[in-house]
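# Analysis of the macromolecular model
If you want the building blocks of each chain, they are given just below.
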Amino acid sequence: MRLVFNLILLLAASIPAVAQEQAAEVVAEVPKTSEAFLMNTVIVVFIVAAIILLAVAIVLLRTFNILAKELSHPTPLLNPEPAVRLDYEDWVAEQKKKPSIVSKLLSLRPLEEEKDLVMEHKFDGIAELDNPTPPWFMWLFYGTILFGVAYIFNYHVFKWGMLQDEEYVVEVQQAEAAKAEYLANAANLIDENTVTVSAESSVISAGMAIFNNNCVACHGDRGQGSVGPNLTDEYWLHGGSVNSVFKTVKYGVPEKGMISWEKQLTPKQISEVSNYILSLKGTNPPGAKEPQGEKEG
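Residues numbered from 1 in each chain as written. Predicted model: local features only at pLDDT ≥ 70, side-chain atom pairs only at ≥ 80, totals over all residues. Heavy atoms only, no water.

Here we come to the pairing of strand 2 (residues 126-129). Note that strand 1 (residues 118-123) and strand 2 share three bridges and pair antiparallel. Among the inter-strand pairings, K122 is bridged to a residue of strand 2, identified as A127. A loop of two residues connects strand 1 with strand 2, the two strands running antiparallel in sequence, and D124 in this loop sits at a positive phi of about 55°. (Pairing = 2+ DSSP bridges. Helix = DSSP H or I, 4+ residues; strand = E, 2+ residues; numbered from the N terminus.)

Right, let's talk about the packing of aromatic side chains for a bit. Applying the stated criterion to the full structure yields eight aromatic pairs. Geometrically, the ring pair formed by W139 and Y142 is edge-to-face, given 6.3 Å between the ring centres and 90° between the ring planes. Note that W139 and Y142 are positioned in helix 5 (residues 135-157) at a spacing of three residues, about one turn of the helix. You can call Y142 partly exposed: its relative accessible area is 39%. (Phe/Tyr/Trp six-rings, centres within 6.5 Å; stacked < 30°, edge-to-face > 60°. Buried < 20%, exposed > 50% of the residue type's maximum accessible area, 1.4 Å probe, protein only.)

With that out of the way, let us pick up the layout of surface pockets. Take a probe with the size of a water molecule and roll it over the atoms, and the empty space left behind shows itself. Taken as a whole, the largest pocket spans an internal volume of roughly 600 Å³. For the lining of the largest pocket, the elements supplying multiple residues, two or more each, are helix 8 (216-219), strand 3 (235-236) and helix 9 (242-251). Residue contributions to the lining of the largest pocket peak at three residues, all from helix 9. Its residues assigned to classes, the lining of the largest pocket shows 16 nonpolar, nine polar and three charged. (1 Å grid on protein atoms, 1.4 Å probe; cavity = no way out; pocket = protein on both sides within 12 Å on 5 of 7 lines; lining within 4 Å. Points joined across faces, edges and corners; volume = space filled by probe spheres on them. Nonpolar A, V, L, I, M, F, W, Y, C, P; charged D, E, K, R; others polar.)

Attention shifts here to the nonpolar core. Of all hydrophobic cores here, the largest spans 17 residues; its most connected members are F211, V249 and I277. Contributing elements (two or more residues each) for this core: helix 7 (201-214), helix 9 and helix 10 (267-279). Setting aside residues up to four positions removed in sequence, I277 forms contacts with F211, L231, W236 and V245. (Core = buried A, V, L, I, M, F, W, Y, C linked by side-chain atoms within 4.5 Å. Contact = heavy atoms within 4.5 Å.)

Attention now goes to the confidence of the model for the protein. For the protein, mean pLDDT is 83; residues scoring 70 or higher make up 86% of the total. Taken as a whole, residues 26-31 scores under 50 in pLDDT and shows four contacts with residues more than four places along the chain or in a different chain. (pLDDT = per-residue confidence, 0-100.)

Here the focus is helix 10. Over its 13 residues, helix 10 extends 19 Å from the first C-alpha to the last, a length consistent with the 18 Å expected when each residue adds 1.5 Å. Where helix 10 is buried, its residues meet helix 7, strand 3 and helix 9. (Expected span 1.5 Å × (residues − 1).)

As a further point, take the packing of helix 9 against helix 10. Contact geometry of helix 9 with helix 10 gives a least axis separation of 9 Å together with a crossing angle of 125°. Between helix 9 and helix 10, the angle falls in the class oblique. Crossing of helix 9 over helix 10 shows right-handed handedness. Residue-level contacts link V242, V245, F246, V249 and K250 of helix 9 to P267, I270, S271, V273, S274, N275, I277 and L278 of helix 10. When the residues that make up the contact of helix 9 with helix 10 are grouped by side-chain class, the tally is nine nonpolar, three polar and one charged. (Axes fitted to C-alpha atoms, helices over the stretch in contact; angles between N-to-C directions. Parallel < 35°, antiparallel > 145°, perpendicular 65-115°, else oblique. Left-handed = near helix turned anticlockwise from the far one by under 90°.)

Below, the discussion takes up unusual backbone geometry. Although it is not a glycine, K159 adopts a positive phi angle of roughly 55°. Relative to the helices and strands, K159 resides in the loop between helix 5 and helix 6 (164-187). Given a relative accessible area of 62%, K159 falls into the exposed group. In this structure, N284 takes a positive phi of about 50° despite not being glycine. The class of N284 is exposed, set by a relative accessible area of 64%.

Structural data, given as structure tokens:
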């Protein structure tokens, strides 16, 4: 056996040398440009092969060693014990079964123990088992009681939380505030393409206030015109529709001295003052300036 082991060691020691010689032969035929890369690759491949052969040799050596020991000193055979036949009840009693997770959660007893759980009374031959309520269910039941007590103290005794009708009132107020905010933002989304004519008194009043604060110097206190054109007749320099008036107020006419009000007024305010200007048509104030522009019906 020692001779076999020495031969295997000699073989393992000679493999790297043979691998290096074969690698050198292969590399000698490769162009010098890829010599280093191919050399390293071949060396790695042969080293891995040598390790695998060494592992196989070690396994074979252990196998031969075990076979040699078994041949020189055979292991005696043991006589099997005779099988004993048991009754079903005895066999069931010897079986050790671990209860399942479901059985543990529901506190179920094994089937073979049901005879110990049968209650005395029967009805139509049907017996009742004395299975207790599972602990998890009892803890859940006690938890609902504690929750009910906490609910009463929170909502009815100390009134820390709001009841449903109180929550409804608060949510309605929040919805009204959100609606007002949305309408305020939506009003400022108006532009020269979406503006519409409005004859509401609130719109006209707001537009009149804006006109008196910003437009009187050029157009007069009644729109009769001074430096700027007359806004009460049927003649317009840049269009007399609400869209055209909105655009003129928003962007201005710099070459004629009309400034842009886009940064001073919000879109909602420009819409209001545009509707006020349209409401001045046909008022014929005294001292009105002569017509300018093109007539529009």
